[in-house]
Every structure is written in C-alpha cells, then in structure tokens.
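# Fold and contact review
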Amino acid sequence: MAINVIQSVKLEDNLNTLVLLDQTVLPGKTEFLDLTTQEEIWEAIFELKVRGAPAIGIAAAYGVYLAAKSSAAENVDEFYQDFKKAKDYLATSRPTAVNLFWALDRMERRLKEETERNKDVEALKNALLEEAHAIRDEDEEVCKTIGEHALTLLKPEMGILTHCNAGTIATAKYGTALAPIYLGTEQDYNFKVYADETRPLLQGARLTAWELEQAGVDVTLICDNMASIVMKEGKVQAVLVGCDRVAQNGDTANKIGTSGVAILAKHYNIPFYVCAPLSTIDLNCKNGDDIEIENRGAEEVTAKWYSERMAPEEVNVYNPAFDVTDHSLITAIITEKGIAYPDYQDSLKKLFD
Ligand SMILES: CSC[C@@H](O)[C@@H](O)C(=O)COP(=O)(O)O
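Note that the structure is predicted; figures quoted are calculated from it, not measured. (Residues numbered from 1 in each chain as written. Predicted model: local features only at pLDDT ≥ 70, side-chain atom pairs only at ≥ 80, totals over all residues.)

With that out of the way, let us pick up the overall build of the protein chain. What the protein chain contains, in helices and strands, is 11 helices and 14 strands. Within the span of the protein chain, comprising 353 residues, buried residues form 48% of the whole. Contacts in the protein chain between residues at least 24 apart in sequence constitute 75% of all its contacts with a sequence separation of at least 6. (Helix = DSSP H or I, 4+ residues; strand = E, 2+ residues; numbered from the N terminus. Buried ≥ 20, exposed ≤ 12 C-beta atoms within 10 Å, placed from the backbone. Contact = placed C-beta atoms within 7 Å.)

Okay, structure coming up:
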C-alpha cells in the first residue's frame, strides 16, 4: 500500500520508553521523542506532540503502563493506588477526544479483572502491557476496516475534501478519514484530495498534505476559507473527516472548523461523511452539548508559527480547539462495524449490540 509507514506511537528500549513522532515539528523535521515519565507523556499529549483521538488513546495506554511499571508497590492495593493516580493525572491532559478516557478506562478494567485472578504485582504489570499493545494493534485493524467501508461510498476520480488530520500518524496506522484514500489509491482511484490548512495549528497543511504527498496522492492544500469556492466550482464530490467524540444522537465534535465545512457541504449538496471508530462514539453523551470543548492558549492564534507577531499583544482571543457538527448535517457515520445512517440515535446504538 502507498501508505507512509511511520509509526507515530511505539514502545521501545526494552519496553521502557514511549517513542513518539513529534507532530509539532512536521513537516520540516521528522523527530522522535523518548519519553519515560507520566509527566513527559502528559505534556506531549497537551502540547499536541502526539495528537488525533486514537493516537492520544494509545499514548495514554502506554503512559499509564509505564507509570504503573515504575511503581515500587509490593502489594495489589498499593499498586492499584499508584495506577489510579497516574490514570487520573493522564486523563487531565486533554478533554475532548473520548479515546483518551476510553483507553484509560479499558486499562483499569483489565487491571481489575487481572487482580481477581492474580495477586502478583509483576503479573499485573504484564497484563497492563498486554492491554496497551492490544489497544494499539486493534486500532490498526479498526482503521483498515473503516477505510474499506468508506471506500464503498466513493468512486474513482472523485474530489474529496478533508479537514485537520485524521491520517496514519493520528492512529496506529491507515488513519480514519484518510484510510479510504490510501485504499483507493492502491486501486488506482485517482482521488483529488483538497486538504484544508486547519487554522490555528495547521494540521491540514503540516500533516495531511505531507502524509498524502509522501504516499503519492494528488493533494491540493487550501486555506480554510477556500472550501466554499472549491465546492462551488464542482471540485468536491465528498467530504471525509475524523472525529474526537460522537454523541448518542450523532452530533460530532471534531477539529474547529469542521462544522462550517459541513454547513457548506449541505449548501452545495455534497455528502459529508464522519469516520469514527467505536472507541470515539460516546453513548454517555446525549448530544453535542454534553461534549466538553477544549479551549487553548491565545498564542496558538497570535504567534505560534511565526517569528513576527500576527496580532497585537493584548488582543482578546477565543481559541476553541473543536466544534460540534450537528447530526442533521452528517450524511453517514462510518465505523468498523458498518455504516450508520440517520436516525443516529437508533443506528449508532445498534452498532454496539
Ligand atoms: C483520526 S484523528 C480524528 C480527530 O482526532 C482529528 O480529526 C482531530 O480533530 C484532531 O485534533 P487535534 O487537536 O489535532 O488532536
């Protein structure tokens, strides 16, 4: 497959170090960070060195494993206390991507199950390692399957617009929204992809354009405010995006700007598809109002990527990192268990049965 095989999250050095591709310095530099402490891993998630909902979940799973591994506890109760402290701490790194909480909860469940059978702390550490590896490996399969389902909705030569980066580096491999693009490219679909630059942190320009170009995909970078014109000019036949959390009714949080793209797609009668692993669907959220939207620092808008300031020193800045796309604007939600269509209240629930 014509896919960039850089693994963005992996455990190395005799399973003692979390090695992360630093996504903040791409595309200029391909650098890896060697992290061993929970504080370093928390910071890497907070600063978006590792980013994208599934990759955040995988990093947190390995993070809580490494923290537990370094515990000096000699009995199960003390070990569980150390685990829980690290889990609660890592859970504060970012609020919107539900995969973070999903992965940490899954690690805790595994620990509790294992504790029923085994009181040996070393065995519990091994069980946590196994679970973190499973979270990573399953994500690779899940993404590939999402790609296969999504490809059934696409035709050769289509123009596809995407926002932010839901690609291979945001997951274990393949990506979610970019998975069908990779699979289609393998089969000579000749997609023409439009990548929104995705202000303020430029995940589309720095990451999606880079990833797709490396894979030999025909990708054109546009500024966020150009989505309307490419749609009007008939260059886009489908929109594919990833997500950070999908509520029970289909309302979907994804990178800031996604809801605007969905509104434009509706206007131009272009299907708008959300690619969502089940790990990103949060049936505990009734609708988008229940999803916490992360607010980030002003400097991301005023200065982050430039040596000269882009705005006056004291200007007020509002910097929500995500927005919620109303379910009524979403044509389908594509998961590893199949494609859900409205009414999402019903169709999403069925996927979990
Ligand atoms: C498969 S990644 C899906 C989403 O997490 C992605 O679209 C997104 O919005 C990422 O936001 P980011 O702030 O870069 O972590």
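Don't stop here, the text continues.
Below, the discussion takes up the UniProt feature "coiled-coil region" (unreviewed entry) in the protein chain. UniProt records the feature "coiled-coil region" (unreviewed entry) at residues 104-138, using the numbering of this structure. Between the C-alpha atoms that bound residues 104-138 there is a distance of 15 Å. The span itself is 91% helix and 0% strand. (UniProt positions renumbered as here; feature names shortened; annotations may be inferred.)

What follows covers the sheet that holds strand β1 (residues 9-12). Strand order across the open sheet formed by three strands is β1-β2-β3, with antiparallel pairing between neighbours. Both outer strands of the open sheet, β1 and β3 (32-35), are each paired with one neighbouring strand and no more. Put simply, the sheet's adjacent strands are angled 25 degrees from each other on average, direction ignored. Alignment of strand β2 (residues 17-21) against β3, held across four bridges, turns out to be antiparallel. Counted as the bridge partner of valine 19 is aspartate 34 from β3. Here helix α1 (residues 38-46) sits on the sheet and contacts β2 and β3; the angle it forms with β3, its principal contact strand, is near 145 degrees. (Pairing = 2+ DSSP bridges. Axes fitted to C-alpha atoms, helices over the stretch in contact; angles between N-to-C directions.)

On average, residues of the protein chain score 96 in pLDDT, and 99% of them are at 70 or above. When mean pLDDT is taken per element in the protein chain, strand β10 (residues 272-275) scores highest with 99 and helix α10 (residues 299-302) scores lowest with 94. Reported confidence for the predicted complex is 0.99 by ipTM and 0.97 by pTM. (pLDDT = per-residue confidence, 0-100.)

Taken in spatial order, the seven strands line up as β6-β5-β4-β7-β10-β13-β14 in an open sheet, and their pairing is mixed. Edge positions in the sheet fall to β6 (218-222) and β14 (338-340), since each has one partner strand and no second. For this sheet, the mean inter-axis angle between neighbouring strands, taken without regard to orientation, is 25 degrees. As paired elements, β10 and strand β13 (residues 332-335) share three bridges and run parallel to each other. Across the sheet, the residue bridging to tyrosine 273 is alanine 332, located in β13. Seen against the sheet, helix α7 (residues 203-214) touches β4 (159-162), β5 (192-196) and β6 and runs at an angle of roughly 160 degrees to β5. Against the sheet, helix α9 (residues 258-267) makes contact with β4, β5, β7 (238-241) and β10, and its axis sits at roughly 160 degrees relative to β7, the strand it touches most.

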